[in-house]
Structure formats: structure tokens, C-alpha cells
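Residue-level structure breakdown
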Amino acid sequence: MSDAIIVRNLSYRAGKEFAIRDLAMTVPSGCVYGFLGPNGSGKTTSLRLMLGMLPADYGTINLLGHDVPAGVHKALAKIGYVPERLHLYPQLTVDETIRYHAAFYPDWDSARAEQLRREFALRAEQTVDRLSKGEAGKLMMLLALAHNPDLLVLDEPTDGLDPVVRRDVLAALLEYVSSRGATVLISSHLIHEQERICDHVGIMDDGRLLAEMPMAAFRGGIKRLRVSKAPVERGALPFTLLSRGVSAGREEEWVVRGWQPAMKEYFVAAESELREVIDLDLEESFVELLRSARTPVGMTGEDN
Amino acid sequence: MFKQVLYTQWKWSRAELMFCVVGAFIVPTLILRVGYEVVDGYSITNVLGVVGFAGMFFGSLSLFTAFALAWRPYIVDMSLRHVGPLSLPVPWPEFVRLRFLAGATLVLLPTFAVWIGGVIATTTSAIPLTLHAYPGGVALRFLTATLVAYAAGFMLQYVAGKHAVRVAVISFFVVLLLALAASMLGFENVIGKVWNVITTWPGPFSIFNARWMLIDV
């Protein structure tokens, strides 16, 4: 099996205002896939649809070789899920919560759970409603990891955690991924955090997947160009123009996707001058991609 | 799995269950003791009157137990948007079955208390010669009535979902208002008729309308 998650033509309407529209997404096995998007873009709804918690209006979902919803419970036995909000029973203690979850997972590793409990410094007799946000986050991560899942689905797992807890949680995650070769789908709006750990990204906005690509392509593929004497008639562009604005005088700033050094020939042919090619960091690339999706420039290359 | 589901439901409902258990132990004895002091303990009519009053307590206790057990797990799960149960690797109908069975198992606790409480109440009270004690019968009736009410409450929530609960509650108040309006306009008592239909055989709650007599002929 080469892909852990395959989603095709997925549609879901939640009320009058919000809908997931024609979502197509592929998470390759063994990768750490960053599911990026601003708050309210549909990341959590998409994850819930993928895990069979919401009924899709249309489309197909395959999770670890099982179709959703028919075989979702078989897939869930191999999935560790950390939801956006605490989903644990408040009156149970940490120890009771662990035992409760252990009963449902055939591959539960009690020794591993105990090891993680100690690593995360969680007191066994502490009730869930008395846990701090950081402790609750650690407990959810423990529950997601202790049955040795093949796929981890993490919905904003570090949101609101302090840097020390965030580091602990990410360290446990990376240690698990490196030792097991598991697939991770991690949703977040914390771009810099994703940049460090993800090798694939999917970018979501307003219920649509804007782009999906390897992290290296995303990181290196979006550039800001400083162009003087920019052509009015552009002709066919060899790259995707995401945005265009005047910076000073006749100088313009173009944000482009799919840039290659050989493409500077385009400006020579257009009798323009390419003055500078600036690398964008992931956050800037993310913002430019969102901006171009929300206000398309209508000045794109062959694939647009 | 069942053991863990049972444990969590016990933990959520234990305060209400303990209240029922203690009540079932003590209240029948108290009613009989106090009642016997007020009335002539050797008059069969008076004794049956006191025991009939105690019977109302068992019916109320049954309803309280049923709805405490049916509502509490649903409220907890709903407050967490059902994310916990839905993310577990068990089909939803299987999870609902476990929840139902766990609640039904917990009904045994107050049932046992009703039986023991009934035995204590009747063995410590003087019973006129022509009357007999039926603590086992009352306990069995309590179990059946509680399970019927529990199943109804559970079904309303878990099987039908919160939309159905809303519809049921709104419908109840609409029917109530219409019945009140009808009675004010001089029509016959609609509420009483509906009540009779559901609480007399073969109505679903006819068990509550039966004789809950700890001491009877």
C-alpha cells in the first residue's frame, strides 16, 4: 500500500455558510503531512470526515486500505487520533482513562503507555478535569501513541501549549515516527512548526484544498521577483503568478510559484529587467498562496 | 470493553445510584414504621393504605433511577461532541449496545437494595395474619419498570439523537398546552386519556400502574 489516506471528490455542507468542496487529497505512507490552513478553513471538518465521524455528502475516502465509513472501525484500530479539543471523560483519572482506551485497542502496549506516562510526568491518580492544558495534551498524545498506530492524525496537537510541553509532545511524536515509520497527518496553523517536521503539505482555505505538494517544492518553489520595466502584455508565463504589485517607480514585485532559474529568459524576451529573486520562507509562501486564492490575479501560466 | 464502559458509567452515576440504594434500604422501613404508628396496625385496610403509599415511593425511585442512568452518559458524551466514542475502533451500534447493557446492569444495584430493603421492612413489621410480604415481587416489578423507563430514555437519546429529543420535548409541551386549552374550553380531559393509554395494559408504561404492594393479600 503506497498511500495511507486517499480522498477523492469529498463534499460536505455544514449549515448555510460553510462547506468542504470537492476535496481531493493523498497522504503517502510514511510521510509527515502538514495540513495547513487558517482557522475556520475546514481542516478539522476534513479530518472528522476522513475518520468517519461526519457523514460525507459525496466522495470517497480510503484510510489504510479501508473504505470509510464501511471499514472505518478497522482503520481506527491502527490510527492514533489527537482531536483539536479534549475528548476525554473529565471524571476519570489518568490511569482509568488509559485503561479505558486500552480495552478498545487490540494492539495496546501497556508497557509503552506506562513509559510515556512517566516521560510526560502524568500522575496516575490525577483526574482529567484537573489536568492543565499541557498535561491534557500529553495524555491525548499518550493515548494516540500507545497502541502503536500506523497512522497518526493530529488536529492542532500543540495549539495553546507552552514551549516546553510543545517540545516534549513533538519529540515523542518524532521519536515514534522515526522508530516505526508511521504516517502522520498533522493539522496546524503554526507554519514554522510544520516547516521543521513535515515533508508534505496540503493547504486548505475556505473548504478547498488550494495546493498539495512535497515540502521541498513548496519551500523552494515560491519566490518574490523584483522586476523593473515590467511587461504590460505578459504573454504565456512559464511560472504561476500569484500576485503582482508596484513597489517603487516602474518597479514591480511579483510573487510566483514554480520558479526555475532558467525562467529569467522570459524577462529578457519581454525586454524587462529581473533585478532580484527573493526566497520566501514558508509563512510568507503560505500567506501569498492564500492571498492569490482569495483574490486571483488572473495572470497565470499554462497550468492555471 | 464492557467492563470499562460499565466502570465509567458507574463512576458518572454513582452518586444517584447510591442515593437510590440508600433510599431503597431505608424508606420502605421508615414508611411502614411511621405509617403503622399513625394507623391501627392490625386493621388490614389501614395496613394496605400505608403499603400502597410506600408503593408510590418505589415507582418514583424506579423512574429516577432509569433517567439518571439513561441521561448521564449521553450528557457526558454530548458535552465532548461524541468525539471520544466515535474515534474508538468499534462500530457505533456496538458502542451503543455496550452503553445500554452497562446501564441495564447498574439497575441491578438499586433492585437488590429494593429487595433487601423490602425484606427488612416486612420482617421488622407486624403483618396481619391474612396478609403476606412480597419483597421479591416488588423488586422484580422495580427491575422491570426501571428497565422499561431506562430503555425509553436511552432510545430517545442514543438511537434517535438530540434532534429527536428536541422534537419530543417540544411535542410534549405542545400537547400539554393543547390539552389545557381543550379542558378550559370544556372538552374532555385529553391528558388523562393519553395517560391512561400509555399506563394501562398494553401501554408501554403499564408496569408503573400496577400494584407495588410490599404487603398484600
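Predicted model only: the values in this text are computed from it and were never measured.

Basis of the calculations
Residues numbered from 1 in each chain as written. Chains lettered and ligands numbered in written order. Predicted model: local features only at pLDDT ≥ 70, side-chain atom pairs only at ≥ 80, totals over all residues. Heavy atoms only, no water. Axes fitted to C-alpha atoms, helices over the stretch in contact; angles between N-to-C directions. Helix = DSSP H or I, 4+ residues; strand = E, 2+ residues; numbered from the N terminus. Parallel < 35°, antiparallel > 145°, perpendicular 65-115°, else oblique. Left-handed = near helix turned anticlockwise from the far one by under 90°. Contact = heavy atoms within 4.5 Å. Nonpolar A, V, L, I, M, F, W, Y, C, P; charged D, E, K, R; others polar. Pairing = 2+ DSSP bridges. Buried area = accessible area lost by both parts, 1.4 Å probe. Salt bridge = Lys/Arg side-chain N within 4 Å of Asp/Glu carboxyl O. Patch = residues over 30% accessible without salt bridge, like charges linked within 9 Å, V, L, I, M, F, W, Y side chains within 5 Å. Areas by Shrake-Rupley, 256 points an atom, 1.4 Å probe, with all protein chains shown as cover. Buried < 20%, exposed > 50% of the residue type's maximum accessible area, 1.4 Å probe, protein only. Core = buried A, V, L, I, M, F, W, Y, C linked by side-chain atoms within 4.5 Å. Polar contact = N/O pair within 3.5 Å; in protein donor to acceptor, adjacent residues only side chain to side chain.

Residue and element names in this part refer to chain B. Remark: helix α2 (residues 44-79) packs on helix α4 (residues 92-106), axes separated minimally by 9 Å, with the N-to-C direction vectors making an angle of 140°. With respect to each other, α2 and α4 are oriented oblique. Considering how the two elements wind past one another, α2 and α4 form a crossing that is right-handed. Judged by residue contacts, Leu69, Pro73 and Asp77 of α2 engage Phe95, Arg99, Gly103 and Leu106 from α4. Here the residues of the contact of α2 with α4 sort into 4 nonpolar, 1 polar and 2 charged.

Moving on: the pairing of strand β10 (residues 208-214) of chain A. All names here are of chain A. Sheet topology places strand β9 (residues 200-205) next to β10; 6 bridges connect them, and they run antiparallel. The partner of Gly202 across the bridge, within β10, is Glu212. The hairpin formed by β9 and β10 contains 2 residues between the paired strands, and Asp206 there has a positive phi angle of roughly 50°.

Taken residue by residue, the interface counts 23 residues in chain A and 24 residues in chain B. Here chain A meets chain B over a buried area of about 2,200 Å², counting both sides, of which 66% is carbon and sulfur. Taken together, chain A and chain B are joined by 1 salt bridge. Between Glu96(A) and Lys11(B) there is a salt bridge, and its shortest N-O distance comes to 2.7 Å. Within the residue set of the side of chain A that touches chain B, elements represented by two or more residues are α2 (72-76) and α3 (94-102) of chain A. Looking at the side of chain A that touches chain B, the element that brings in the most residues is α3(A), giving 4 residues. In terms of residue class, the side of chain A that touches chain B is built from 14 nonpolar, 5 polar and 4 charged.

Quick look at a nonpolar patch on the surface now. Residue and element names in this part refer to chain B. On the surface, Val22, Phe25, Ile26, Leu30 and Ile120 cluster together into a nonpolar patch covering about 410 Å² of accessible area. Examining the composition of the nonpolar patch, we find that 4 residues originate from one element, helix α1 (residues 2-38), more than from any other. With respect to the element layout, Ile26 can be found in helix α1. Given the relative accessible area of 43%, Ile26 is considered partly exposed.

Residue and element names in this part refer to chain A. Scanning all chains against the criterion turns up 24 salt bridges over all chains. In this structure, Arg117 engages Glu114 in a salt bridge whose closest nitrogen and oxygen atoms are separated by 2.8 Å. Here Arg117 and its partner Glu114 are both found in helix α4 (residues 110-119), 3 residues apart, which amounts to about one turn of the helix. In the salt-bridge network here, residues are joined through shared partners; they are Arg224, Arg226, Glu251, Glu253, Glu273, Arg275, Glu276 and Glu288.

Glancing now at the packing of α3(A) against α1(B). Direction vectors running N to C along α3(A) and α1(B) enclose 145°, while the axes themselves pass 9 Å from each other. Every residue of α1(B) that contacts α3(A) at Glu96(A), Arg99(A) and Tyr100(A) is listed here: Gln4(B), Val5(B), Tyr7(B), Thr8(B) and Lys11(B). Here the residues of the contact of α3(A) with α1(B) sort into 3 nonpolar, 2 polar and 3 charged.

What follows covers the nonpolar core. Counting residues in hydrophobic clusters, the biggest one holds 66 residues, and the most contacted among them are Phe104(A), Leu139(A), Leu142(A) and Phe218(A). Ignoring sequence-local partners within four residues, the contact set of Leu142(A) consists of Ile98(A), Ala113(A), Leu116(A), Arg117(A), Phe120(A) and Leu122(A). In terms of nonpolar packing, the next biggest core, distinct from the first, is built from 41 residues, Cys20(B), Ala139(B), Phe142(B) and Ile207(B) among them.

With that settled, the discussion passes to the sheet that holds strand β4 (residues 58-63) of chain A. Adjacent strands of a sheet pair through backbone hydrogen bonds, lying either parallel or antiparallel. Residue and element names in this part refer to chain A. In space, the 4 strands of this open sheet follow the order β2-β1-β4-β5, with antiparallel pairing throughout. This sheet does not close on itself; its edge strands, each paired only once, are β2 (18-28) and β5 (66-68). With direction set aside, neighbouring strand axes in the sheet form an average angle of 20°. Two elements, strand β1 (residues 3-14) and β2, share 8 bridges in a ladder whose sense is antiparallel. Across the sheet, the residue bridging to Leu10 is Leu23, located in β2. Packed onto the sheet, helix α1 (residues 43-50) meets β1, β2, β4 and β5 and runs at close to 65° relative to β2.

Residue and element names in this part refer to chain A. Each neighbour pair has its own omega, and for Val68 with Pro69 the value is 10°, a cis peptide bond. The residue Pro69 is located in the loop between β5 and α2 in this model. Of note, the phi angle at Leu64 is positive, near 50°, even though the residue is not glycine. Here Leu64 lies in the loop between β4 and β5.

We now examine the side chain of Arg224(A). Residues and elements named next belong to chain A. Residue position: Arg224 is located in strand β11 (residues 222-228). We classify Arg224 as buried; its relative accessible area is 17%. A distance of 3.5 Å separates a polar atom in the side chain of Arg224 from a polar atom in the side chain of Glu253. Beyond its immediate stretch of four places on either side in the chain, Arg224 contacts Glu253, Trp254, Val255, Glu276, Val277, Ile278, Leu280, Glu284 and Glu288.

Turning next to the sheet that holds strand β3 (residues 32-36) of chain A. Residue and element names in this part refer to chain A. Taken in spatial order, the 6 strands make up an open sheet running β6-β7-β8-β3-β9-β10, and their pairing is mixed. Edge strands, defined here as strands with exactly one partner in the open sheet, are β6 (79-82) and β10. The sheet shows a mean angle of 15° between the axes of neighbouring strands, taken without regard to direction. Bridge count for β6 against strand β7 (residues 151-155) is 4 bridges, and the pairing is parallel. Its bridge partner being in β7, Gly80 is matched across the sheet by Leu152. Where helix α5 (residues 133-145) meets the sheet, it contacts β6 and β7, and its direction lies at approximately 170° from that of β6.

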